[in-house]
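As a plain string of letters, each chain reads:
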Amino acid sequence: LAKTTQPISMDSYEGQEVNITCSHNNIATNDYITWYQQFPSQGPRFIIQGYKTKVTNEVASLFIPADRKSSTLSLPRVSLSDTAVYYCLVGDIPSSRGNSGGYQKVTFGTGTKLQVIP
Amino acid sequence: NAGVTQTPKFRVLKTGQSMTLLCAQDMNHEYMYWYRQDPGMGLRLIHYSVGEGTTAKGEVPDGYNVSRLKKQNFLLGLESAAPSQTSVYFCASSPHGLDEQYFGPGTRLTVT
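Each value, and the rule that gives it
Residues numbered from 1 in each chain as written. Chains lettered and ligands numbered in written order. Predicted model: local features only at pLDDT ≥ 70, side-chain atom pairs only at ≥ 80, totals over all residues. Heavy atoms only, no water. Disulfide = S-S within 2.5 Å. Helix = DSSP H or I, 4+ residues; strand = E, 2+ residues; numbered from the N terminus. Buried < 20%, exposed > 50% of the residue type's maximum accessible area, 1.4 Å probe, protein only. Contact = heavy atoms within 4.5 Å. Polar contact = N/O pair within 3.5 Å; in protein donor to acceptor, adjacent residues only side chain to side chain. Salt bridge = Lys/Arg side-chain N within 4 Å of Asp/Glu carboxyl O. Phe/Tyr/Trp six-rings, centres within 6.5 Å; stacked < 30°, edge-to-face > 60°. Lys NZ or Arg CZ within 6 Å of the ring centre and 35° of its normal.

Novice: Outline the state of the cysteines, listing residues and values.
Specialist: By the definition in use, this model includes two disulfides over all chains. Residue pairing for Cys22 of chain A: its cysteine sulfur links by disulfide to Cys88 of chain A, the two sulfurs lying 2.2 Å apart. The sign of the S-S torsion, about -75°, decides the handedness of the disulfide formed by Cys22 of chain A and Cys88 of chain A: left-handed. One end of the pair, Cys22 of chain A, is in strand E2 (residues 18-23); the other, Cys88 of chain A, is in strand E8 (residues 84-91), and 66 residues separate them in sequence. Judged by relative accessible area, which is 0%, Cys88 of chain A ranks as buried. The disulfide that involves Cys23 of chain B links it to Cys91 of chain B, with 1.8 Å between the sulfurs. Negative torsions about the S-S bond denote left-handed disulfides, and the value of about -75° found for Cys23 of chain B with Cys91 of chain B makes this one left-handed. Of this pair, Cys23 of chain B sits in strand E3 (residues 19-25) while Cys91 of chain B sits in strand E9 (residues 87-94), and the two are 68 residues apart along the sequence. For Cys23 of chain B, a relative accessible area of 0% puts it in the buried group. On the basis of relative accessible area, Cys91 of chain B is assigned to the buried category, the value being 0%.

Novice: I'd like a rundown of the environment of Gln37 of chain B, residues and numbers included.
Specialist: Structurally, Gln37 of chain B is set in strand E4 (residues 31-37). Sequence spacing of Gln37 of chain B and Tyr89 of chain B is 52 residues, and the spatial spacing of their C-alpha atoms is 6.3 Å. Not counting residues up to four positions away in its chain, the partners in contact with Gln37 of chain B are Gln38 and Tyr87 of chain A together with Gly42, Leu43, Ser87, Val88 and Phe90 of chain B. A polar side-chain atom of Gln37 of chain B sits 2.9 Å from a polar atom in the side chain of Tyr87 of chain A.

Novice: Which residues make up the pattern of salt bridges, and what are the values?
Specialist: Residue and element names in this part refer to chain B. The full count for this structure, using the stated rule, is three salt bridges over all chains. Where Lys71 meets Glu30, a salt bridge forms, and the shortest distance between an N and an O atom there is 2.9 Å. Highlighted residues: Lys71 in the loop between strand E7 (65-67) and strand E8 (73-78) and Glu30 in the loop between E3 and E4, separated in sequence by 41 residues. Lys71 gets classed as buried once you look at its relative accessible area, which sits at 18%. For Arg36, the salt bridge goes to Asp38, with nearest N and O atoms at 2.9 Å.

Novice: Tell me about the packing of aromatic side chains, and please be specific about residues and values.
Specialist: Scanning the model with the defined rule gives six aromatic pairs over all chains in all. Summarising the aromatic geometry, the rings of Tyr32 of chain A and Tyr51 of chain A are spaced 5.2 Å apart at their centres and angled 55° between planes, so their arrangement reads as tilted. Placement of the pair is Tyr32 of chain A in strand E3 (residues 32-38) and Tyr51 of chain A in the loop between strand E4 (45-50) and strand E5 (53-56), with a sequence separation of 19 residues. Among the aromatic side chains, those forming a connected cluster through ring pairs are Tyr36 and Phe46 of chain A together with Tyr33, Tyr35 and Phe103 of chain B. Across from the ring centre of Tyr51 of chain A, 3.9 Å away, lies the NZ or CZ of Arg68 of chain A, which sits over that ring.

Shown next as structure tokens:
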């Protein structure tokens, strides 16, 4: 089961690029890597997802090396509104219907609290 | 389009009482999930559903039951609440597997 490790906190000045790394040494073949952002008293919000190499969308990039044992979320030019907790999620849920009786562990990391400083 | 809604937003229970948390989504998603989040921790999966009429266990299923009688609703039940179940509960839905999940606003439950 893939356990994830992230830095507990990070500080960054406005306008800088921020890179948050998540370690997942035991990632399984079928596991995807997904990053979420969470503000206080709100549910997490999807940022980006990838399987390998690099993925980019309008808000972030995700870098995944060939061995997939880590991933790095890159936020370009952060602003004060990016102050939040960022979670790395590693896991897979089978698509078959029915109750298999087993369980799937969806591993959220402990999260990285990003503080953006003016 | 409300997305994912959760009822109630707050609840206080005494040990041994029962309750049901309701999650509703209007995006026609197949997959639905229940998570709990404890202070300073990430989310842990309690139960999930891959479609109407199906349920499956997540990482921390003990003490909880779920039902998915209608595609748009996913209910989480606590039969006999314990203080260890004090937490914030989040519901989520997604079109497929662990694709982008849409989360509800959460239910803050306190068991005394």
